[in-house]
Amino acid sequence: MEGKEAAARQAVTLIEDGMVIGLGTGTTSAFMLQALGERIANEGLRVRAVPTSVRSREMAEQYRIPLVELSEVVTLDMTIDGADEVDGALNLIKGGGGALVREKIVAAASRTFVVICDDSKIKPFLGAHPLPVAVVPFGVESTRQKLRRFTETVVIRLVPDDSNAYHGRTPFVTDDGLYIFDLHLGTIRDVPALEASLRSVVGVAEVGLFVQMASRVIVGYADGHTKELLPGLP
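Residues numbered from 1 in each chain as written. Predicted model: local features only at pLDDT ≥ 70, side-chain atom pairs only at ≥ 80, totals over all residues. Heavy atoms only, no water.

J.: Tell me what's going on with the layout of surface pockets, and back it up with residues and numbers.
T.: What the largest pocket holds in volume is close to 230 Å³. Along its surface, the largest pocket is lined by 19 residues, and Thr25, Gly26, Thr27, Ala83 and Asp84 are the ones closest to its centre. With three residues, the single largest contributor to the lining of the largest pocket is helix H2 (residues 27-43). Per-class residue counts for the lining of the largest pocket are three nonpolar, 10 polar and six charged. (1 Å grid on protein atoms, 1.4 Å probe; cavity = no way out; pocket = protein on both sides within 12 Å on 5 of 7 lines; lining within 4 Å. Points joined across faces, edges and corners; volume = space filled by probe spheres on them. Helix = DSSP H or I, 4+ residues; strand = E, 2+ residues; numbered from the N terminus. Nonpolar A, V, L, I, M, F, W, Y, C, P; charged D, E, K, R; others polar.)

What follows is the structure in structure tokens.
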């Protein structure tokens, strides 16, 4: 069993009958969706779920997880989602899969935000992983120039395309119609200050820094065991 599957399956045991839950996006969350589908099928677990992306919606439908719109429930009991990096204060970098805007909205609407990952995601400081920043397409090059105040390496995320744009590739577009810049920053010493500064840039829609939002982090290991990290505890 992969470490991230172990973490996902442990997190799903926290879901109780009648809960409204947020469904994360990404490879680790895919294991969570599978495990949740199994509980629904085998135990008759009753839940309603809010997906954070088109992909997680499609997977939830595949596993017959009942879905609801966030506007219908306002507050969620729990969200379970992965992370690209987790630091010692349980701050996160998220958005490697491109769903950071909806992921942050859903996490912020949740009473409990459970993060699942394998041990490779735990770092003393954030920043080894590029930081995703979602931006409005209009004026994108102007926004890029503003972001270069923080680092020279501001890379627009691209996907293959048959056209000649960007040498056969075209900008990745999120489910919300946004582009993503990946900022290569190195070690981030002051996560809250960086988030505030980046969010003040005109053209930036959201930043993939989740500051003190995690209620707990479940870390999975290759041998199948898990460890739980809580805010304020070593």
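J.: Tell me about the packing of aromatic side chains, and name the residues and values.
T.: Counted under the stated rule, the structure contains one aromatic pair. Aromatic pair Phe113 and Phe210: ring centres 6.3 Å apart, planes at 40°, arrangement tilted. Here Phe113 is found in strand S6 (residues 110-118), whereas its partner Phe210 is found in strand S13 (residues 209-210), with 97 residues between them in sequence. This pair shows no difference in class: Phe113 is buried, exactly as Phe210 is. Residue placement shows Lys104 over the ring face of Phe210; its charged tip is 5.1 Å from the ring centre. (Phe/Tyr/Trp six-rings, centres within 6.5 Å; stacked < 30°, edge-to-face > 60°. Buried < 20%, exposed > 50% of the residue type's maximum accessible area, 1.4 Å probe, protein only. Lys NZ or Arg CZ within 6 Å of the ring centre and 35° of its normal.)

J.: Which residues make up the sheet that holds strand S4 (residues 85-86), and what values go with them?
T.: Two modes of strand pairing occur in sheets, parallel and antiparallel, and in both the strands are linked by backbone hydrogen bonds. Strand order in the open sheet formed by three strands is S4-S5-S13, with antiparallel pairing between adjacent strands. The outermost strands of the open sheet, each flanked by one partner alone, are S4 and S13. As paired strands, S4 and strand S5 (residues 92-93) are joined by two bridges and run antiparallel to one another. If you follow Glu85 over to S5, its bridge partner there is Ile93. (Pairing = 2+ DSSP bridges.)

J.: Talk me through the sheet that holds strand S11 (residues 179-183); I want residue IDs and the actual numbers.
T.: Ordered in space as S8-S11-S7-S12, the four strands form an open sheet in which the pairing is antiparallel. Strand pairing shows two members of the sheet lacking a second neighbour, strand S8 (154-156) and strand S12 (204-207), which therefore form its edges. Along the sheet, successive strands turn relative to each other by an average axial angle of 30°, direction set aside. One ladder, built from three bridges, connects S8 with S11; its direction is antiparallel. By the bridge assignment, Val154 is partnered in S11 with Leu183. Running over the sheet, helix H5 (residues 100-108) touches strand S7 (131-135), S11 and S12 and is turned about 60° from S12. On the sheet, helix H7 (residues 191-199) packs against S7, S11 and S12 and is oriented at approximately 165° with respect to S12. (Axes fitted to C-alpha atoms, helices over the stretch in contact; angles between N-to-C directions. Contact = heavy atoms within 4.5 Å.)

J.: I'd love a proper account of helix H1 (residues 3-12), names of residues and values included.
T.: With eight of 10 residues buried, H1 lies mostly within the body of the structure. Looking at H1, one finds that the buried residues are Gly3, Lys4, Glu5, Ala6, Ala7, Ala8, Ala11 and Val12. Structurally, H1 contributes buried residues whose contacts are with H2, strand S3 (76-81), S6, strand S14 (216-220) and strand S15 (226-229).

J.: Describe the packing of H1 against H2, naming the residues involved and giving the relevant values.
T.: Packing of H1 against H2 brings their axes to within 8 Å, and their N-to-C directions diverge by 45°. In this view, H1 runs oblique relative to H2, as classed from their interaxial angle. H1 and H2 meet at a crossing whose hand is right-handed. Contacts between H1 and H2 involve Lys4, Glu5, Ala8, Arg9 and Val12 on the former and, on the latter, Thr27, Thr28, Phe31, Met32, Gln34, Ala35, Leu36, Glu38 and Arg39. When the residues that make up the contact of H1 with H2 are grouped by side-chain class, the tally is six nonpolar, three polar and five charged. (Parallel < 35°, antiparallel > 145°, perpendicular 65-115°, else oblique. Left-handed = near helix turned anticlockwise from the far one by under 90°.)

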